[in-house]
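Per-entry structural report
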Amino acid sequence: CAPQPACLYIENLRRILPILAAHGVATVTVYFEGSGDSGSIQDIAYHPEPSARLETVPAEILLTSASFDDGQWHTTAGATETSVHEAIDALTYDYLEETGVDWYNDDGGFGELVIDVAQGTVSLDVSGSSFAAPRAPRALDKICAGFLM
C-alpha cells in the first residue's frame, strides 16, 4: 500500500506492531465516544501492561496534511516521529475515517478498536443510539506481509 490517505492506518499499523511486540503487548484496546458533531478517544489500554510507558517510546508514522490551492483540496502524507501512544491515536482516527462509521454526529456513538498484535488484526465495535456496527477482525497479514517476521 503506497502512503495514500486511504491506507495510512495499514502503513502505521505495520510500523507500530513490531514496537508493541518488542514491549510484550498482546492487545491494544482503544475506547472512543462522540456526539453533537465531535468525538474523541477516551482511553488506550495495553494488555499486558508494558514495562515502558508507551507515551514516551518513539515511533515514526505517516500523517496527512491538507491544503486548498487553486480551488482544490490537496492531501499529502509525510513521515513524522511521535510516541507509540500518539501513533495508536492517529491510527484509530484514520481507521474510523476509512470505515465511514458516523460515531460522532447527532446522538453519537461509542466503541472499541482492538489491535491483536500477534495476529496483526484490527477489529471494531461501534454502537450508537440508532445503530450498532460490530465489525469482524480485519486480517492485515496479506496486506502487510512480513511486518512481524
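Here the structure is a predicted model, which is why all the values come from computation and not from measurement.

Reading the values: the criteria
Residues numbered from 1 in each chain as written. Predicted model: local features only at pLDDT ≥ 70, side-chain atom pairs only at ≥ 80, totals over all residues. Heavy atoms only, no water. Phe/Tyr/Trp six-rings, centres within 6.5 Å; stacked < 30°, edge-to-face > 60°. Helix = DSSP H or I, 4+ residues; strand = E, 2+ residues; numbered from the N terminus. Buried < 20%, exposed > 50% of the residue type's maximum accessible area, 1.4 Å probe, protein only. Salt bridge = Lys/Arg side-chain N within 4 Å of Asp/Glu carboxyl O. Contact = heavy atoms within 4.5 Å. Core = buried A, V, L, I, M, F, W, Y, C linked by side-chain atoms within 4.5 Å.

Quick word on the packing of aromatic side chains
Two aromatic rings are characterised by how far apart their centres lie and by the angle between their planes. In this structure the tally under the stated criterion is 2 aromatic pairs. A centroid spacing of 4.9 Å and a plane angle of 85° characterise the contact between Y9 and Y95, whose relative ring orientation is edge-to-face. Taken as a pair, Y9 in helix α1 (residues 8–22) and Y95 in helix α2 (residues 84–99) lie far apart in primary sequence, 86 residues in all. One exposure class covers both Y9 and Y95, and it is buried.

As for the pattern of salt bridges
Taken as a whole and judged by the stated rule, the model has 4 salt bridges. Notably, a salt bridge pairs R14 with E11, separated by 3.0 Å at the nearest N-O pair. With R14 and E11 both in helix α1, this residue pair falls 3 residues apart, about one helical turn. Ionic pairing is found between R53 and E55, a salt bridge with its closest N-O pair at 3.8 Å. Owing to a relative accessible area of 56%, R53 belongs among the exposed residues under this scheme. Judged by relative accessible area, E55 falls into the partly exposed class, the value being 35%. Shared partners join several salt bridges into a network, and the residues in it are E11, R14, R15 and E60.

Here we look at unusual backbone geometry
Omega for the bond connecting H47 with P48 falls within 30 degrees of zero, at -15°, which places this linkage in the cis form. In this structure, P48 sits in the loop between β2 (38–47) and β3 (58–69). Here D70, not a glycine, exhibits a phi torsion of approximately 55°, which is positive. If you trace the backbone, D70 turns up in the loop between β3 and β4 (72–83). Take D70: its relative accessible area is 73%, and that puts it in the exposed class.

Some points on the environment of I44
Counting through the fold element by element, I44 comes out in strand β2. Ignoring anything within four residues of it in the chain, the contact list for I44 reads V28, T29, V30, H85, I88 and D89.

A closer look at the nonpolar core
Counting 32 residues, the largest nonpolar core has L20, V28 and I88 as its most contacted members. Of all elements in the fold, only α1, β1 (27–35), β2, β3, α2, β5 (109–116) and β6 (121–128) reach the threshold of two or more residues within this core. V28 has contacts with L20, I44, A45, Y46, I88, L113, V114 and I115, leaving out every residue within four places of it along the chain.

Observations regarding the environment of I115
Structurally, I115 can be placed in strand β5. A relative accessible area of 0% means that I115 is categorised as buried. Here the alpha-carbon distance between I115 and I88, two residues 27 residues apart in the chain, equals 9.5 Å. Ignoring any residue separated from it by four or fewer positions in sequence, one finds I115 in contact with L13, L17, A26, T27, V28, L91, T121 and V122.

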